[in-house]
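Close look at the chain arrangement
Listed below, chain by chain, are the residues.
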Amino acid sequence: MSNDTESDDDNSDIDAAPNSNTDIGSDRGSDEEKSLRPPMFDPKDENNPKIKLRQIFSSFKELKEAIRTWNIRRERSFKFIKSDNIRVRAICPKDGCDWCIYARRMKGDGRLEVRTFQKKHKYGFSYHNKSVKFGWVGRRYVGVFKESTRLDYVSFKKMVMKEHKCHLSRHQ
């Protein structure tokens, strides 16, 4: 009789019948398909975008606006370092910060996929956020100006600074 380390009772390679309804895959398969399919960016979330790894954006404009808004909402600066008709890369301008995002055009269509996304900035927020520019402020607050025609600059500046914790000059 030999002293084998493997036991004859090991049935790990035997195909066994499922023992409950949870072991049997549903005919819908939607949960599994949804987990395999990359998430699409929802334009309804443009005021508070949710960016994820492998997320799909329909255009460069949509992606860049989402990156800008995502960072401004978190009171962080960023800058685009590589942006052409194939890819977009943005980083944190502060030395030593690892925050970055990289998206690339998908083969076969014009959509972009987020390939790299480091969510965490190493440094705290800054009131002098250079990412807050007049175009972004104008797009976000056009409705406020339409509703309140008598809004003066000082009141508007206080409102933007309170909502986004940023410095706003007349030249932004």
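Here's what I pulled together on the structure shown here. (Residues numbered from 1 in each chain as written. Predicted model: local features only at pLDDT ≥ 70, side-chain atom pairs only at ≥ 80, totals over all residues. Heavy atoms only, no water.)

**Description of the overall build of the chain**
Within the chain one finds four helices and five strands. In the chain, the succession of α and β elements from N to C terminus is α-β-α-β-β-β-β-α-α. Looking at the chain as a whole, 27% of its 172 residues qualify as buried. Taken as a whole, the chain presents about 12,600 Å² of accessible surface, with 48% of it coming from carbon and sulfur. (Helix = DSSP H or I, 4+ residues; strand = E, 2+ residues; numbered from the N terminus. Buried < 20%, exposed > 50% of the residue type's maximum accessible area, 1.4 Å probe, protein only. Areas by Shrake-Rupley, 256 points an atom, 1.4 Å probe, with all protein chains shown as cover.)

**Here we look at the side chain of Glu-62**
Counting through the fold element by element, Glu-62 comes out in helix α2 (residues 60–73). This buried residue, Glu-62, is left without a salt bridge; Arg-111 holds the nearest opposite charge, at 9.3 Å. When residues no more than four places from it in sequence are discounted, the contact partners of Glu-62 are Phe-41, Pro-43 and Phe-57. (Lys, Arg positive; Asp, Glu negative; His and termini not counted. Salt bridge = Lys/Arg side-chain N within 4 Å of Asp/Glu carboxyl O. Contact = heavy atoms within 4.5 Å.)

**Regarding the packing of helix α3 (residues 134–147) against helix α4 (residues 153–164)**
For the pair α3 and α4, interaxial distance at closest approach is 12 Å and the crossing angle is 120 degrees. One way to sum up the angle between α3 and α4 is to call them oblique. Seen along the crossing, α3 lies across α4 with a hand that is right-handed. Where α3 approaches α4, its residues Trp-136, Val-137, Tyr-141, Val-144 and Phe-145 are matched on the opposing element by Phe-156, Met-159, Val-160, Glu-163 and His-164. Looking at the contact of α3 with α4, its residues break down into eight nonpolar, one polar and one charged. (Axes fitted to C-alpha atoms, helices over the stretch in contact; angles between N-to-C directions. Parallel < 35°, antiparallel > 145°, perpendicular 65-115°, else oblique. Left-handed = near helix turned anticlockwise from the far one by under 90°. Nonpolar A, V, L, I, M, F, W, Y, C, P; charged D, E, K, R; others polar.)

**Side note on the packing of aromatic side chains**
Taken as a whole and assessed by the stated rule, the structure comprises five aromatic pairs. Centre to centre, the rings of Phe-41 and Phe-57 are 4.8 Å apart; their planes meet at 25 degrees, and the pair counts as stacked. Highlighted residues: Phe-41 in the loop between α1 (30–36) and β1 (56–57) and Phe-57 in strand β1, separated in sequence by 16 residues. Residue Phe-41 is classed as buried on the basis of its relative accessible area, which comes to 7%. On the basis of relative accessibility, which here comes to 0%, the residue Phe-57 falls in the buried class. (Phe/Tyr/Trp six-rings, centres within 6.5 Å; stacked < 30°, edge-to-face > 60°.)

**Remarks on unusual backbone geometry**
Phi at Arg-54 takes a positive value of approximately 70 degrees, unusual for a residue other than glycine. Summarising the element assignment, Arg-54 is placed in the loop between α1 and β1. Here Glu-75, not a glycine, exhibits a phi torsion of approximately 55 degrees, which is positive. Topologically, Glu-75 is positioned in the loop between α2 and β2 (79–83). Classification of Glu-75 as buried rests on a relative accessible area of 15%.

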